[in-house]
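Close look at the chain arrangement
Okay, here's what each chain looks like letter by letter:
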Amino acid sequence: MEQLHTFSQTLSLNDIPALRKQMEQAMLELGGDPDAVADLILAVNEALVNSMRHGYQDQAGQVTMELWRAGRSLVVVQRDAARPFDPTTAPEPDTKLPLALRPFGGMGIHMMRNFTDEMRYERTKDGRNQLTFVKYNTFP
């Protein structure tokens, strides 16, 4: 795997659009397929919002985003020191229920799963959350 870019900063909810735009530009400049990049950016946005809202409880917190290339795939790794949470264990929402009957929440994780080809979670040795997204066939 080849590391392409790293974005590391103290982030608040208000900072997410700018980081998202930087990441999208970097992915496109690297030659990423625009549709694959759009999918990844949607997944990354949901992960960042969840991290800020739930993990850091609407407070600013340190987030590192890394872009990696693995053959034709693009890999995005998010690390933070927020409260531990493994989104891969969250139940799938029942999308067949009418909106009025669905419980609030859970759609962000559903989007993260559906806009990526792989989503993995682990705790790092230093106790941080690490969420990895993989999108296949991002590069020609």
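Keep in mind that this is a model prediction, so the values were computed, not measured.

Within a regular strand, the side chains alternate between the two sheet faces. Counting buried residues in strand β2 (residues 61–70) gives 7 out of 10 residues, a clear majority hidden from the surface. Note: β2 against strand β3 (residues 73–80), 8 bridges, orientation antiparallel. Paired with E66 across the two strands is V77, which belongs to β3.

On to the pattern of salt bridges. As enumerated under the stated definition, the model contains 4 salt bridges in all. Between R79 and E66 there is a salt bridge whose closest N-O contact spans 2.8 Å. One end of the pair, R79, is in strand β3; the other, E66, is in strand β2, with 13 residues separating them in the sequence. R79 gets classed as buried once you look at its relative accessible area, which sits at 15%. Between R120 and E118 there is a salt bridge whose closest N-O contact spans 2.5 Å. Classification of R120 by relative accessible area gives partly exposed; the value is 40%. For E118, a relative accessible area of 27% gives the class partly exposed.

Compared with the 32 Å implied by 1.5 Å per residue over 22 residues, the 30 Å span of helix α2 (residues 34–55) between its first and last C-alpha is a close match. Measuring from the backbone nitrogen of D35 back to the side-chain oxygen at the start of α2 gives 3.1 Å, which picks out D33 as the cap.

To continue, consider the sheet that holds β2. Backbone hydrogen bonds are what pair the strands of a sheet, in a parallel or an antiparallel way. Strand order in the open sheet formed by 5 strands is β1-β2-β3-β5-β4, and the pairing between neighbours is antiparallel. Among the strands making up the open sheet, the edge pair consists of β1 (2–11) and β4 (118–123). With strand direction ignored, the average angle separating the axes of adjacent strands in the sheet is 15°. Lying over the sheet, helix α1 (residues 16–29) contacts β1, β2 and β3, oriented at roughly 170° with respect to β1.

As defined by bridge partners, β4 adjoins strand β5 (residues 129–135) across 6 bridges and the pair is classed as antiparallel. The partner of E122 across the bridge, within β5, is Q130. Between the end of β4 and the start of β5, which pair antiparallel, lie 5 residues, with G127 showing a positive phi angle near 85°.

Enumeration over the complete set of coordinates arrives at 0 aromatic pairs. For R69, the ring lying beneath its charged end belongs to F139, and the centroid distance is 4.0 Å.

At their nearest, the axes of α1 and α2 sit 10 Å apart, and the two run at 150° to each other. One element, α1, and the other, α2, form an angle in the roughly antiparallel class. Of the two possible hands of crossing, α1 and α2 adopt the one that is right-handed. Residues I16, L19, R20, M23, E24, M27 and L28 of α1 pack against P34, V37, L40, I41, V44, N45, L48, V49 and M52 of α2. Of the residues belonging to the contact of α1 with α2, the class tally is 13 nonpolar, 1 polar and 2 charged.

With phi around 50°, Q57 is a residue other than glycine that occupies positive phi space. For Q57, the position within the fold is in the loop between α2 and β2. In this structure, D58 is a non-glycine residue whose phi angle is positive, near 65°. Take D58: it is sitting in the loop between α2 and β2.

Rules of the game
Residue positions are counted from 1 within each chain, in the order its sequence is given. Reporting in this predicted model follows two pLDDT cut-offs: at least 70 for local features of residues, and 80 or more for side-chain atom pairs to be given and counted; totals over whole chains, interfaces and linings ignore these cut-offs and use all residues. To get the side-chain values, take all heavy atoms of the structure and skip hydrogens and water. Relative accessibility decides the category of a residue: with a 1.4 Å probe and only protein chains considered, values under 20% of the type maximum give buried, values over 50% give exposed, and everything between is partly exposed. Under the scheme used here, helices are H or I runs from DSSP no shorter than 4 residues and strands are E runs no shorter than 2 residues, and both carry numbers assigned from the N terminus. In short, DSSP must find at least two bridges between two strands for them to pair. Salt bridge, as used here, is a side-chain nitrogen of Lys or Arg placed within 4 Å of a carboxyl oxygen of Asp or Glu. Expected span of a helix, by definition, is 1.5 Å for each gap between consecutive residues, and there is one gap fewer than residues. Definition of a polar contact: a pair of N or O atoms within 3.5 Å, with one able to donate and the other able to accept a hydrogen when the atoms are protein atoms, and with sequence-neighbouring residues admitted only if both atoms are side-chain atoms. Angles here are taken between N-to-C directions and fall from 0 to 180 degrees, while the axes themselves are lines fitted to C-alpha atoms, restricted in helices to the stretch in contact. Throughout, a residue-residue contact means that at least one pair of heavy atoms, one from each residue, lies within 4.5 Å. Two rings from Phe, Tyr or Trp (for Trp, the six-membered ring) form a pair when their centres are within 6.5 Å of each other. A pair whose planes differ by under 30 degrees is stacked, one over 60 is edge-to-face, and the rest are tilted. Two conditions define a charge sitting above a ring: the NZ of Lys or the CZ of Arg must be within 6 Å of the ring centre, and it must be within 35 degrees of the ring normal. Just so you know how the angles are binned, under 35 degrees is roughly parallel, over 145 roughly antiparallel, 65 to 115 roughly perpendicular, and the rest oblique. For a crossing to be left-handed, the near helix must be turned anticlockwise from the far one by less than a right angle; the clockwise case is right-handed. Side-chain classes follow a simple rule in which Ala, Val, Leu, Ile, Met, Phe, Trp, Tyr, Cys and Pro form the nonpolar group, Asp, Glu, Lys and Arg form the charged group, and the remainder, Gly included, forms the polar group.

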